[in-house]
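# Notes for the structure review
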Amino acid sequence: MTTTTTGRPLSAERPSSRIAATVRDGSAVAWRNLIALRRVPRLLVFSTVQPLVFVLMFRYVFGGVVSPSLPPGVSYVDFLIPGIFVQTAVFGSMNTAIGLATDMQTGLMERFRSLPMARSAVLVGRTTADLARNVFVVTLMTAVGFALGFRIHAGVPAFLGGVLLVLAFGFAMSWIFAVVGMGVGDPETAQAAAFPVLAPLVFASSAFVPVATMPGWLQAFANHQPVSQTAEAVRTLVLGGPATGDVWQALVWDAGIVAVFAPLGVWFYRRVV
Amino acid sequence: MERAAVSVDDLSKHFGSLVALDRLTFEVRPGEVFGLLGPNGAGKTTVMRILTTILHPSAGRAEVLGHDVVREAGEVRRLIGLAGQYAAVDPNLTGRENLRLIGRLSRLARSRIRPRASALLHRFDLTAAADRPVRTYSGGMRRRLDVAAALVAEPPLLFLDEPTSGLDPQSRNALWELIRELVSDGTTVLLTTQYLEEADRLAERVVVVDQGRLIADDTPAALKARLGNTVIELDMGERGRAVRAAATIEGRLGETTEMDGSRLRLPCRNAFAVLRGILNLLEADGHVPRNVTVRESSLDDVFLALTGHRTRAGPGAGPATRGGTE
């Protein structure tokens, strides 16, 4: 092979706009992340086993205690599954931090930074791949839920709307953890930093138990944080009832989180000490 | 005059109070292999990261093929390839997938990506392993893939950051051969190394960097000639005898010596005359050396003379005997 390298390199194509560049490069990076998911099955197994354990544990261990405090006519499994969806999306977002921190540690990030690719592509590719993983996990948890007695009460379109809301929330959370991953730079620290933040968000919420059983000061927090508001919105979409207000609140959270953390993440990526 | 491939002008980089680079100035000519030589922590990787737009300089400026690395970073990224000292390839992708990913991210036309990946895999002797995940590769294979990845877009300027550190002699020689082929294609190569042998074998010109400062800028041959192209080594058997012999030689012949345990080293130009003088002198004193070596001076000797200290690994050791990261 002979190369003619005196003049211009091969990279002649320039995308028409910044958005086109982001989509094109972001999808290349997402493709790469999804291959890793397929080729290293433990990555996927870990993110499915954990919600499976949670759903079984809450259904059979805590179900009896929680049931009496539920609204009349609502079974615990119907209450629980929307909460499990949201919890899955929240814990899954840790993978965004771990994945990006790993890329920083291996030096792959340095190579990406030296390439003529969109500055947002590495982050967009990662959060998009994590979104795809969430689609898989939520589908699986729906099947598991059905096996355990979960039923849709307000029609399939509303249920699918609920699933989209869960995915949107997971995507928003991924951007928070993109910033965490870029900030800490190594996977172990990313994981250690994430759990103490995520655990109170998930457990001091309406994901698994009705907020009314909590002490007053905790209710104030639990009622107004995004995990509860998303869980409530999804629950209303599944069980029936006026959902519009809850859904809007959840969407505002998602939009707000992305609006703050996506530019911050890209700033971290561009930041050249 | 032909435009410089790389032009570094009064470049400084501080990390807090640490001065990583201290007013570095040098130029790389188009089509040459240029070596950036120095021990661990000298600042070589910092230079590379600034030139490849990964870091911003604190002061001074740098241009790559006429483009400012800060203001025209996007343009610079189109013209360069980078292979780092860490094999920055994705371990979960196959070799072929890695090259295709870089091809897509380098904005190659889709129709060119496949043939380009295949050609590079062939050229770097990776065809048989092309469709295996990279985590199954040996260190040498990873490093070859890393260099191949830097070449996907056929950049006119290639940055190689310690390309052979940690490789066995066979892999190192194979990589050196590839780098020489690249240069015959017209590619300009800027390589960093802490292996003096590597700079000597590959680079037409070197700058020597120590503690962020440029201490020499020349051809390897001229650097060696500056010092005297021959080195006499006398092994006196024990340190006490070496000290006495050094005093005698310096006092009576006016030649400067460097001591290393029981050994004395004298860089010189006319080794024959100097050696005869020394041996006569020492014999008269009853201090005959246990062993005498006369050899061509290496860049290691140059480095010692320029900086007052050795490269960390000491003289004579080849790249293969140490794993180096910075």
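Higher on the page you've got the structure.
Summary of the structure given here. Here the structure is a predicted model, which is why all the values come from computation and not from measurement.

What follows deals with the overall build of chain A. Counting its secondary structure elements, chain A contains 11 helices and 0 strands. Put simply, chain A runs from its N terminus to its C terminus through helices and strands in the order α-α-α-α-α-α-α-α-α-α-α. Taking 273 residues into account, the globule formula puts the C-alpha radius of gyration at 19 Å, and chain A, at 21 Å, falls close to it. Overall, chain A is about 80 × 35 × 35 Å in size when its C-alpha atoms are taken along their principal axes. The burial tally for chain A puts 53% of its 273 residues in the buried class. Expressed as a percentage of contacts within chain A between residues at least 6 apart in sequence, the contacts between residues at least 24 apart total 79%. On chain A, roughly 11,600 Å² of surface is accessible, and the fraction owed to carbon and sulfur atoms is 70%. Between the averaged position of the 18 positive side-chain charges in chain A and that of its 11 negative side-chain charges there is a distance of 8 Å.

Residue and element names in this part refer to chain A. Its volume calculated, the largest pocket comes out at about 870 Å³. Along the wall of the largest pocket there are 34 residues; nearest its centre are Arg42, Leu43, Asn95, Ile98 and Gly99. Of all elements in the fold, only helix H1 (18-39), helix H2 (41-66), helix H3 (76-92), helix H4 (94-106), helix H6 (121-147) and helix H8 (187-203) reach the threshold of two or more residues within the lining of the largest pocket. Sort the elements by how many residues they give to the lining of the largest pocket and H4 lands first, with 7 residues. Tallied by class, the residues present in the lining of the largest pocket amount to 15 nonpolar, 12 polar and 7 charged.

All names here are of chain B. Pairing is antiparallel in the open sheet, where 4 strands are placed in the order S12-S13-S11-S14. With one partner strand each, in any of the chains shown, strand S12 (258-260) and strand S14 (291-296) form the two edges of the open sheet. Direction aside, neighbouring strands of the sheet carry axes that sit 20° apart on average. Where strand S11 (residues 230-235) lies against strand S13 (residues 263-268), 6 bridges are found, and the strand directions are antiparallel. Looking at the pairing, Thr230 lines up with Cys268 of S13. Strand contacts of helix H9 (residues 239-253): S11, S12 and S13, with the helix running at about 30° to S13, the strand carrying the most contacts.

Residues and elements named next belong to chain B. One ladder, built from 5 bridges, connects strand S1 (residues 6-15) with strand S4 (residues 59-64); its direction is antiparallel. Its bridge partner lying in S4, Ser7 is registered against Glu63. Relative to strand S5 (residues 67-68), S4 is paired through 2 bridges, and the arrangement is antiparallel. By the bridge assignment for S5, Val64 is matched with His67. Hairpin connection between S4 and S5: a loop of 2 residues separates the two successive antiparallel strands, and Leu65 in this loop has a positive phi of roughly 45°.

What follows covers the interface of chain B and chain A. Facing 51 residues of chain B, the contacting portion of chain A comprises 40 residues. In total, chain B and chain A occlude about 4,300 Å² of area from one another, counting both sides; carbon and sulfur atoms represent 55% of this. Together, Arg78, Leu105 and Arg107 of chain B form the three largest contributors to the area buried by chain B at its contact with chain A, with a combined 20%. In this assembly, chain B and chain A are joined by 5 salt bridges.

Under the definition given, this model contains 15 aromatic pairs over all chains. Ring geometry for Phe150 of chain A and Phe159 of chain A: centres 6.2 Å apart, planes at 50°, overall tilted. Exposure remark for Phe150 of chain A: the relative accessible area of 0% places this residue in the buried category. Of the aromatic side chains, those joined through ring pairs into one cluster are Phe54, Phe58, Phe62, Phe91, Phe195, Phe203 and Phe208 of chain A. The ring of Trp31 of chain A has Arg104 of chain B sitting right over it, with the charged end atom 5.8 Å from the ring centre.

Cut-offs used in this document
Residues numbered from 1 in each chain as written. Chains lettered and ligands numbered in written order. Predicted model: local features only at pLDDT ≥ 70, side-chain atom pairs only at ≥ 80, totals over all residues. Heavy atoms only, no water. Helix = DSSP H or I, 4+ residues; strand = E, 2+ residues; numbered from the N terminus. Rg over C-alpha atoms; globule rule 2.2 N^0.38 Å. Buried < 20%, exposed > 50% of the residue type's maximum accessible area, 1.4 Å probe, protein only. Contact = heavy atoms within 4.5 Å. Areas by Shrake-Rupley, 256 points an atom, 1.4 Å probe, with all protein chains shown as cover. Lys, Arg positive; Asp, Glu negative; His and termini not counted. Charge placed at Lys NZ, Arg CZ, Asp CG, Glu CD. 1 Å grid on protein atoms, 1.4 Å probe; cavity = no way out; pocket = protein on both sides within 12 Å on 5 of 7 lines; lining within 4 Å. Points joined across faces, edges and corners; volume = space filled by probe spheres on them. Nonpolar A, V, L, I, M, F, W, Y, C, P; charged D, E, K, R; others polar. Pairing = 2+ DSSP bridges. Axes fitted to C-alpha atoms, helices over the stretch in contact; angles between N-to-C directions. Buried area = accessible area lost by both parts, 1.4 Å probe. Salt bridge = Lys/Arg side-chain N within 4 Å of Asp/Glu carboxyl O. Phe/Tyr/Trp six-rings, centres within 6.5 Å; stacked < 30°, edge-to-face > 60°. Lys NZ or Arg CZ within 6 Å of the ring centre and 35° of its normal.

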